[in-house]
Amino acid sequence: MSALTTPGGPYRAAADRYDNLAYRRAGTSGLDLPAFSFGLWQKFGTDYPHETRRDIVLHAFDLGITHFDNANRYGPPHRAAEKFFGQVLRTDLAAHRDELILSTKAGNPIGPSPYQRGGSRKSLLTSLDHSLRDLGTDHVDIFYSHSPDPSTPLEETVGALASAVTSGKALYVGISNYPAELAHEAAVLLRGAGVPLLVHQPRYSLFDRRPERDGLIEVAARDGFGLVVYSPLAQGLLTDKYLTGTVPESARAQNSSFLSPDVIDDTYRTRATALNQLARERGQSLAQLALQWVLRLPQVTSALIGASTTWQLDHNVRALDFPPLTEEELALMDRYGVHGTAVQV
Ligand SMILES: NC(=O)c1ccc[n+]([C@@H]2O[C@H](COP(=O)([O-])OP(=O)(O)OC[C@H]3O[C@@H](n4cnc5c(N)ncnc54)[C@H](OP(=O)(O)O)[C@@H]3O)[C@@H](O)[C@H]2O)c1
């Protein structure tokens, strides 16, 4: 793979960028997504250097990652990650816009106004317009309702998603963080509106097994939508970086309000160490094992990963290069991959 000639220098996309990854069909749609999608939730705000963020995004594209996941909230400050991506789109990726699947989300709070939160038509469609402005594009590929909003009729939220497509501002729609039953209801309403639900974005990892427990995986298969699963590494807990008990200086548990070092306790370490041991016996890392595990299910279209270095990307996208997991290995992973380990569920 030919990466950037000089970090920070002019970008020329790697000619072999489509030779690295598998592309998987999203549910019963006609759209393929890369097995690994890249998200700009953490370390893509203005508090990290532009060139570092740019190198990571362009490296991801060079690896064949065509799907970039954003939200109006991502920063800090809110909207900063989309503004950053818009700059990179303009300076480096403009010629490749047609090769990109850009997603954004709205509905989680981003400000004090009642129209900067929730699933109302006003909140969702205003935010979409702002995202298009910040990204510098006339449409996103996937527009998501970020979370269910029990105070707004589901019909209104779903109607706003459908409008995004009929107005040409989005090609497809998704939902995120919806429990299984509500996801089914949304899928039915969207089908009725002639805008099938493309994907659902739930959290799913060896330490958060809610999509198995609440039936979301079966609902996805039945209703024909794909799952783009976020935090498959439990924000880094399913890597070997926290096993020694010392939290590395640059790690998320040290510098993000979303991951407290307090969760790194003996129970976590015992389970993660056992999983790490299995990974080593298979000749891979714990990160690669954890990613291979979420992608074992055909309903999981893509593992939505984050990365703070290009090394992490190179390493993680090799997760599918290893032999399939055996029944015995899966049973061992069930034993140590306990729902609720170190993550709030
Ligand atoms: N829909 C939603 O509500 C929602 C919520 C959360 C996330 N998301 C999406 O999902 C994306 C991914 O979430 P995530 O970042 O939590 O995913 P993740 O893949 O579970 O965690 C990624 C982090 O783990 C660490 N890491 C990755 N590979 C590593 C390796 N090989 N060795 C050691 N450390 C490694 C890095 O953090 P450090 O190096 O900084 O420690 C990296 O940023 C987000 O960007 C966002 O797009 C969506």
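Residues numbered from 1 in each chain as written. Predicted model: local features only at pLDDT ≥ 70, side-chain atom pairs only at ≥ 80, totals over all residues. Heavy atoms only, no water.

Per an unreviewed UniProt entry, the recorded name for the chain is Aldo/keto reductase, and the organism is Streptomyces dioscori.

### As for the site of the ligand
In the vicinity of the ligand, 34 residues are found, and the nearest of them are Lys 43, Asp 69, Lys 241, Arg 252 and Ser 308. Residue His 146 places a side-chain N or O atom 3.2 Å away from an oxygen atom belonging to the ligand. Interatomic distance of 3.0 Å between a backbone N/O atom of Gln 235 and an oxygen atom of the ligand. Bound to the protein, the ligand loses 95% of the 910 Å² it would expose on its own. (Near = heavy atom within 4 Å. Polar contact = N/O pair within 3.5 Å; in protein donor to acceptor, adjacent residues only side chain to side chain. Areas by Shrake-Rupley, 256 points an atom, 1.4 Å probe, with all protein chains shown as cover.)

### Regarding the pattern of salt bridges
Inspection of the entire model under this criterion finds 19 salt bridges. A salt bridge links Lys 105 to Asp 69, with the shortest nitrogen-to-oxygen separation between them at 2.6 Å. Placement of the pair is Lys 105 in strand β5 (residues 101-106) and Asp 69 in strand β4 (residues 67-69), with a sequence separation of 36 residues. What makes Lys 105 buried here is its relative accessible area of 0%. In this structure, Arg 79 and Glu 82 form a salt bridge, with 3.4 Å as the shortest nitrogen-oxygen distance. Classification of Arg 79 as buried rests on a relative accessible area of 8%. (Salt bridge = Lys/Arg side-chain N within 4 Å of Asp/Glu carboxyl O. Helix = DSSP H or I, 4+ residues; strand = E, 2+ residues; numbered from the N terminus. Buried < 20%, exposed > 50% of the residue type's maximum accessible area, 1.4 Å probe, protein only.)

### Remarks on the pairing of strand β7 (residues 170-176)
Counting buried residues in β7 gives five out of seven residues, a clear majority hidden from the surface. Of the strand pairs in this sheet, strand β6 (residues 140-145) and β7 are connected by five bridges, and their pairing is parallel. Directly across from Phe 143, in β7, lies its bridge partner Val 173. Once you follow β6 into helix α4 (residues 154-166) and on to β7, the crossover reads as right-handed. Pairing between β7 and strand β8 (residues 197-201): four bridges, direction parallel. Paired with Val 173 across the bridge in β8 is Leu 197. In this fold, β7 hands off to helix α5 (residues 180-192), which returns the chain to β8; that crossover is right-handed. (Pairing = 2+ DSSP bridges. Right-handed = clockwise from strand over helix to strand, strands pointing away.)

### So, helix α1 (residues 50-62)
Helix length check: α1, at 13 residues, gives a terminal C-alpha distance of 18 Å against a target of 18 Å (1.5 Å per residue), a fit within 8%. Within α1, 10 of the 13 residues are buried, which leaves it mostly tucked inside the rest of the structure. Considering only its buried residues, α1 is in contact with β3 (36-39), β4, α2 (80-93) and α11 (310-316). Count one or two residues on from α1 and you reach Gly 64, which has phi positive near 100°. (Expected span 1.5 Å × (residues − 1). Contact = heavy atoms within 4.5 Å.)

### Overview of the environment of His 139
Examined against the element boundaries, His 139 turns out to sit in the loop between α3 (121-135) and β6. Between the C-alpha atom of His 139 and that of Arg 121, which follows or precedes it by 18 residues, the distance is 18 Å. Of the polar contacts made by the side chain of His 139, one reaches the side chain of Asp 138; its length is 2.8 Å.

### Description of the nonpolar core
Phe 36, Phe 68 and Leu 93 are the most contacted members of the largest nonpolar core, which totals 97 residues. Considering every element that reaches this core, the biggest residue donor is helix α10 (residues 286-294), with seven residues. Contacts of Phe 36, omitting those with residues within four sequence positions, involve Leu 21, Ile 65, Leu 291, Leu 295, Ser 302, Ala 303, Ile 305, Asn 316, Val 317, Ala 319 and Leu 320. (Core = buried A, V, L, I, M, F, W, Y, C linked by side-chain atoms within 4.5 Å.)

### Here's the deal with the packing of α1 against α2
A pair of packed helices can be characterised by two numbers: the angle between their axes and the separation between those axes. For the pair α1 and α2, the least separation of the axes is 11 Å and the interaxial angle reads 65°. Considering the relative orientation of α1 and α2, their crossing is right-handed. For the pair α1 and α2, the contacting residues are His 50, Arg 53, Arg 54, Val 57, Leu 58 and Phe 61 in the first and Phe 84, Phe 85, Gln 87, Val 88, Asp 92 and Leu 93 in the second. Residue classes in the contact of α1 with α2 are distributed as seven nonpolar, two polar and three charged. (Axes fitted to C-alpha atoms, helices over the stretch in contact; angles between N-to-C directions. Left-handed = near helix turned anticlockwise from the far one by under 90°. Nonpolar A, V, L, I, M, F, W, Y, C, P; charged D, E, K, R; others polar.)

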